[in-house]
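Coordinate inspection notes
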Amino acid sequence: LFSFKVMKFTTAIAPLLLLASQAFADEKNPVLVNPCVDTDDFVGADFCNVTLPLEARVADVLKRMTLEEKISALDSDTPAIESIGLNEYNWWSEASGGVDTHGADDSNTKTTRFAFPITTGMSFNRTLWKATGAQIGREARALMNAGKAWSTFWAPVVNLAREPRWGRNIEVSSEDPFQSGEYATAFVQGFQEAPEDPRYVQASACCKHFIANEMEGSTEDGHEEDRQHVDSAVSQQDLMDSYMPPFQRCVEKGKVTSLMCSYNAVNGVPSCANDWLLTTVARDNWGFDGTIVSDCDADSDVFNSHLYTDTPEETVRDVLRAGTDIDCGDFVGNNAQSALDKGVITEADIDERLTQAFRLRFRLQHFDPAGPLQSLSEDDIVCSGESIELSHDGLTQSAALLKNDAATLPFDQDSLEDVLVIGPNYNLSQSTASYYGPGNHCLDAFNIVDSIDQFVDASGMFGVPDVLSDDTSGIDAAVDAAKKADQVVLAVGTDLTWAREGTDATSIAFTDAQAELIEKVSAAATKPVVLVIFTATPLDLTDVLANKNIGAVLHVGQPSVTIMGVGKILFGKTSPAGRMVQTVYKKEYQDQISIFDFNMRPGPSPFARPDCTEENYDDCEKGTNPGRTYRFFTGEPVLPFGFGLSYTSFDYEVVSAPKAISMAPVESMLAHTESQNKIFSSIEESHSSTDAEYIVKVTNTGDMDADEVVLGFVTPPGAGKNGVPLKSLFGFERVFVKAGESVEVTLYPGLTDFTLVDESGARSAAHGEYSFSFGVEETFASGGGFVKHTVSTSV
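Quantities reported herein were computed from a predicted structural model and do not represent experimental measurements.

1. Examining empty space enclosed by the protein
A complete count under the given rule lists seven cavities of 30 Å³ or more for this structure. Estimated volume of the largest cavity: approximately 140 Å³. If you trace the largest cavity, you find 19 residues lining it, with Arg579, Gly644, Glu708, Thr779 and Gly784 closest to the centre. Elements with a minimum of two residues in the lining of the largest cavity: strand S19 (650–656) and strand S22 (706–715). Top element by residues in the lining of the largest cavity is S22. It accounts for three residues. By residue class, the composition of the lining of the largest cavity is six nonpolar, 11 polar and two charged.

Given below as structure tokens:
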């Protein structure tokens, strides 16, 4: 169905390993130089001896480096290190939605653009996530081989979409800790692990931003906060069971090779100077093996924004000894010599950090002979037909159907003459493509009109100029056009002007202009309209869902130029199976709770209500936190986490379930954790028991073959009281089920799912009655599968 224009190019592939002598002579040095292969200068050097242990090779590197070279190597933009034959190296590249070489390639090479994680997260498909990570990682390695890219990429973002107004919701996969961790695991494994040669890291991924970073910059009632200055006040309870679990999975399961410490402080200590976070938790508890990089200028912020230390030298000491290996910026490099001169740090402090940095560079094959990974070719891999197909399939698998009255969708291609797309996002495409993705991509600037035009004639018009505009002068023309169109599709929502890095959203409701456009166009159309919402900010859909003139609502997140994949859903070539990864709140939510409140659990807020009209902030009434995310929200959502409809119907049946849950393995796990003086039980140990295994029979009771996402939730004893979650996702699987047939899905909770975290952050076994549910009850009336099972614990 897709006739994508694959833009191939014939740039000659340069070798990965270029002569060191050329590197130091050229004005613009090649991206990577291997001193152990391209020159005879280091023959016999221990660091070039592949038979020696990694530790010995790293030690030899540090022994040879001058102090000046060591200091310069602490900064992300590292200059040449002539004592070991290395040219300059930049640790910073991006890859959340495709390879961005961050200035490494003067030829502006094109790479594949993938949908944003807020879209692909809705697929609940680990296979898709891993394949996407793998393709981006393979393109990265192929460009490294061609001398057009660095080796270290700062993706994925695994913070939670804990706040609907957060500017960077577009970059994350979910509000749920378990799903976010599984996404990170799959993406990182695909990105870093190459089947051709498992000895080396294909390309280095980085899980960011560690931790509690989910606020960009906002003003409420005259009170301003931004990410460089904010001190995120987070309870140990919320840290342990909400903010940290995704990072634990990224480290323990994904084996990520880099973490990024965030701009903000956490409970008074800047993240990049927080030894408890970086060393005690990440390295000692989770076994992290890799480099810790600062967000850009976050080390500087420790001194200049947080005012955490009295001198720059003390800041250098604190970030180095906390465990930050690489400073994105030049603060450490500019102040380390002074810190040494004043006796604030020692050369051993520097060596400890560089040990981690060079360990990773060895694992990336920067000092070893060429192997199978050097066979990955730019012409074969970058912007291949398979890559472009995968990018569009990401949206096809992820779009979530939120309403479908009287089977408005799918469209009948044979009987439909034309489609008119109306709305400020009808041409949304290229403007989002380079945001945390390729600066130059190999997909055309596709929009939703193009996706429909694959099947029937389609055209588009704005009606409202842009998503934030209050200009309604074009609505009358849109209404007139809607009256004449065979079928109308509304393309509405948000874009990067609404929320992005550095800017939080100010509203979770449609603008008045968009609301008027939706109301008037839907009333004028000759058939029920289909509303396609593009957004990473979960907008209040109360009026949209209640509007009888809107027959169907399809949520696509932010797909950018991968929008072509939505056509297959609109025309019934496949059934939608995406599920919402964010709770959709009523617009009043934004008036109840400040974005500055990082607490997940409901209760009094230390911050003023955002709708306060008092001139003096201190005179404002304090807000009340209604709870964040589906796990703690005590109100009635417009749509719950996990909501999504299908073109077919499903029935669920629990065919195997435990009769009782033995808590002996849980108690044993907790005792073992305590005996090791650790805070976290390992994920491996948590999933060492399958005693609580559930088998759910999923039957497609409709007449269309379709994918189905089976979500498993656990409701613990005492749910909703004293900080206990209302329910939590413990497992999910995406399966394909033919019409009239059944498949069995096996899900089982981990041992930690039978524990609770108290206010101090301590975890203990929770005895009592557990309710396990499969599916989302709110979809049951529309043909969604749903079943519950209750079981009690035994000693």
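2. A look at the side chain of Thr185
With respect to the element layout, Thr185 can be found in helix H6 (residues 177–192). In terms of polar contacts, Thr185 uses its side chain to reach the backbone carbonyl oxygen of Gly181, at 2.9 Å.

3. Brief notes about the side chain of Ser646
When you line up the elements, Ser646 lands in the loop between helix H22 (629–632) and S19. Looking at Ser646, its side chain comes within polar contact range of the side chain of Ser575, at 2.9 Å. Among the polar contacts made by the side chain of Ser646, one reaches the main-chain amide nitrogen of Thr648 at a distance of 3.1 Å. Here Ser646 is in contact with Leu401, Ser575, Pro576 and Ala706, once residues within four sequence places are set aside.

4. With respect to the pattern of salt bridges
Two side chains bearing opposite charge may form a pair once their charged atoms approach each other closely. Taken as a whole, this structure holds 37 salt bridges when the rule is applied. For Asp241, the salt bridge is made with Arg631, and the minimal N-O distance between the two is 3.7 Å. Here Arg631 lies in helix H22 and Asp241 lies in helix H7 (residues 236–243), a separation of 390 residues in the sequence. Taking the relative accessible area as the measure of exposure, Arg631 reaches 6% and is therefore buried. The salt bridge partner of Asp486 is Lys527, with a shortest N-O separation of 2.9 Å. Of the two residues, Asp486 sits in the loop between helix H17 (475–484) and strand S14 (487–493) while Lys527 sits in the loop between helix H18 (512–524) and strand S15 (529–534), which places them 41 residues apart along the sequence. A single network of salt bridges, built from pairs that share partners, joins Arg126, Glu182, Arg249, Lys253 and Glu733.

What counts and what doesn't
- Residues numbered from 1 in each chain as written.
- Predicted model: local features only at pLDDT ≥ 70, side-chain atom pairs only at ≥ 80, totals over all residues.
- Heavy atoms only, no water.
- 1 Å grid on protein atoms, 1.4 Å probe; cavity = no way out; pocket = protein on both sides within 12 Å on 5 of 7 lines; lining within 4 Å.
- Points joined across faces, edges and corners; volume = space filled by probe spheres on them.
- Helix = DSSP H or I, 4+ residues; strand = E, 2+ residues; numbered from the N terminus.
- Nonpolar A, V, L, I, M, F, W, Y, C, P; charged D, E, K, R; others polar.
- Polar contact = N/O pair within 3.5 Å; in protein donor to acceptor, adjacent residues only side chain to side chain.
- Contact = heavy atoms within 4.5 Å.
- Salt bridge = Lys/Arg side-chain N within 4 Å of Asp/Glu carboxyl O.
- Buried < 20%, exposed > 50% of the residue type's maximum accessible area, 1.4 Å probe, protein only.

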